[in-house]
Every structure is written in structure tokens, then in C-alpha cells.
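Tertiary structure, described
Now for the letters of each chain:
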Amino acid sequence: MGRFPNVTYQLMLECGGNGRSFFTPEARGNQWTNGGAGCPQWTGVRLADVLKAAGLKPSAIYTGHYGTDPTLAGETDKPTISRGMPIAKAMEEHTLIAFKLNGKDLPLIHGAPVRLVVPAGRARSRPSGYRASGCATRSMTAPAWVALLPHAEEADRAGSKGDEKDMAILESMPVRSVITFPADGTRLPAGTRKLDLRGHAWAGDYDIKTVDISTDYGVSWKSAKVDAPPNKFAWQRFTAGIDLPTAGYYEIWAKATDAKGVTQPFAAANWNPQGYGANPLNRIRVLVES
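Residues numbered from 1 in each chain as written. Predicted model: local features only at pLDDT ≥ 70, side-chain atom pairs only at ≥ 80, totals over all residues. Heavy atoms only, no water.

Here we have five strands laid out as an open sheet, ordered β14-β21-β20-β16-β17, and mixed in their pairing. The two strands at the open ends of the sheet, each matched to only one other strand, are β14 (186–188) and β17 (222–223). Pairing of β14 with strand β21 (residues 282–288) involves three bridges; the strand directions are parallel. Of the residues in β21, the one forming a bridge with Leu 188 is Val 288. (Pairing = 2+ DSSP bridges. Helix = DSSP H or I, 4+ residues; strand = E, 2+ residues; numbered from the N terminus.)

In C-alpha cells:
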């Protein structure tokens, strides 16, 4: 990688189905709550530099790329997985071909010897690739599936995938906040009357504008302090001091709003079979012992 400048950024890596377990009825796939995400430090070269050196054609508007792993079934005649993205995203300066993770050589589990942090390969003139069509990486754009909800589980078992015209490729993750301290279910010692809360928030392509905290089920809200991100596409730390006037049970809610003014909903919206885009506000429970 000595031919191109090496850069280091802290960048979000999030499963498209992060938050899937918040959907009702249950969608297929790993039942993530908020744990399908992380924001480590990546070192690599800019994909844009490599594409420019390769001679990117002006007609290219979308990328297509394939993983080299074998399929889980050991099949050799099928691609394991592929993805694509708009050329503008591929040329964004933070899109990397990474070879280090948190300052160390990239481990095998994260794609050693190199990986694309925002995956891309050869450029194409249209969206392409296995799992880039149908509903495999798509979320709902129309409320047409509301009528299906009473029968969603039956439709899912029958293999129904909905109408593609009511879906769009998931290209950017929705706004999300996660309280990281205290943990859900924490018991606090008797006499505790203040709690220093902290967490992280992020919003795909956008910065976080505000994070608000409620201890009375959304009746009132208090603004948290939100730190600037270390660089674009990194999560942002938030902190808040919470008053706990008496002993007893409390729910603490966190709600983030991004730079476009889009905020987290109270419940997971736009149910879909693959369980993408579920980002309800974060809730934790604490008990102050008497």
C-alpha cells in the first residue's frame, strides 16, 4: 500500500439489521437489539485514490464487488455475497481499503488481509450483485405492508417478499442512540439521587444534532451534551446528569435527532421481512434501592 497515502479514521460499522429485534412480529435474521454496531479505528488507503489510478470511466455510476469467502454450504458455483454503492460514495474520502484495525493488522474475522470499510470493487453503470436486488438489502418506502401485518408471520413463512416498487435499497443507516452507562437492569445503592449518564449516537451519512433524555416516559425531555465526532462517519458521545428524586424504578429514554431534523421514533416502524431500519428510541431500566 506504499503507492498511496495511508490514512486513519474512526468509522462506524453497522449491520443493516441492527435493531431487528424491536420489530413486531419478529422478522427473520439475527435478533439484534443495538449491538450490531461498532466504531473502531481503521487504517488504509482511500478507495478513490485506487479508482483514479485504475482509470475510472466517466460513465460509471455504481460499483459492484464480491466477497472471496466460500458460501456457508461450501458451494463454489455461487457468489458468497456482493454489494454495490453509488460512485459518489466510492469516491468519498473516508471510504477505505483498510489493512489495520485499531492499529493492528486486520484479523481474519474482519476480512484479513484487506477489506473495504465501505465495500466496493469494480464500477458498473447500474446497481448490481447478489443481494442487491429483491428485498435483501431494501427497506419500505410505502405503507403498503400495513395491511399485511396481521398475517406477516404467515406471509414470511410462505416466502412473500412484497412488491419491489414499494422498496428502496438501504444505502444509509437511520439515526440511533444507545445509552452505554448504566447498563439496562442496573440496581443503584440506596440514597442515589444523581446519575451520570453516557452513550453514543450516530446517523449514517449525517451528524447528530441533539440527544434528549426523559425519565418520565416522554412527558418531558432534557438535552444531553453531545460531543463532536472525531471525524465524519464516526459516532458521537453524549453525556447527561439525571436526577433520581426518590428510591424506586425508573425508565431512562434517549432520543437522537440528526442534522436533517430526523429523529428516532417511539417504536420500530415500516416492518419488513428482513428486519431493516428499526431504530426506536433507546430505553434502559434502573432501580434505586430503598
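Still more ground to cover, so stick around.
Inspection of the secondary structure puts Arg 237 in strand β19 (residues 236–243). Distance from Arg 237 to Ile 179, taken between C-alpha atoms, is 9.8 Å for residues 58 residues apart in sequence. Once residues lying within four places of it in the same chain are set aside, the contact partners of Arg 237 are Arg 198, Gly 199, His 200, Lys 225, Val 226 and Asp 227. (Contact = heavy atoms within 4.5 Å.)

With antiparallel pairing, the four strands of this open sheet are ordered in space as β13-β15-β19-β18. The sheet terminates laterally at β13 (176–181) and β18 (225–226), the two strands that pair on one side only. Of the strand pairs in this sheet, β18 and β19 are connected by two bridges, and their pairing is antiparallel. For Val 226, the partnering residue across the bridge sits in β19 and is Phe 238.

Within the element layout of this structure, Glu 14 appears in strand β2 (residues 13–14). A polar side-chain atom of Glu 14 sits 2.9 Å from a polar atom in the side chain of Asn 18. At 3.1 Å, the side chain of Glu 14 and the side chain of Arg 176 are in polar contact. Those residues in contact with Glu 14, other than ones at most four positions away along the chain, are Gly 36, Ala 37, Met 173, Arg 176 and Trp 202. (Polar contact = N/O pair within 3.5 Å; in protein donor to acceptor, adjacent residues only side chain to side chain.)

By themselves these figures say nothing about function.
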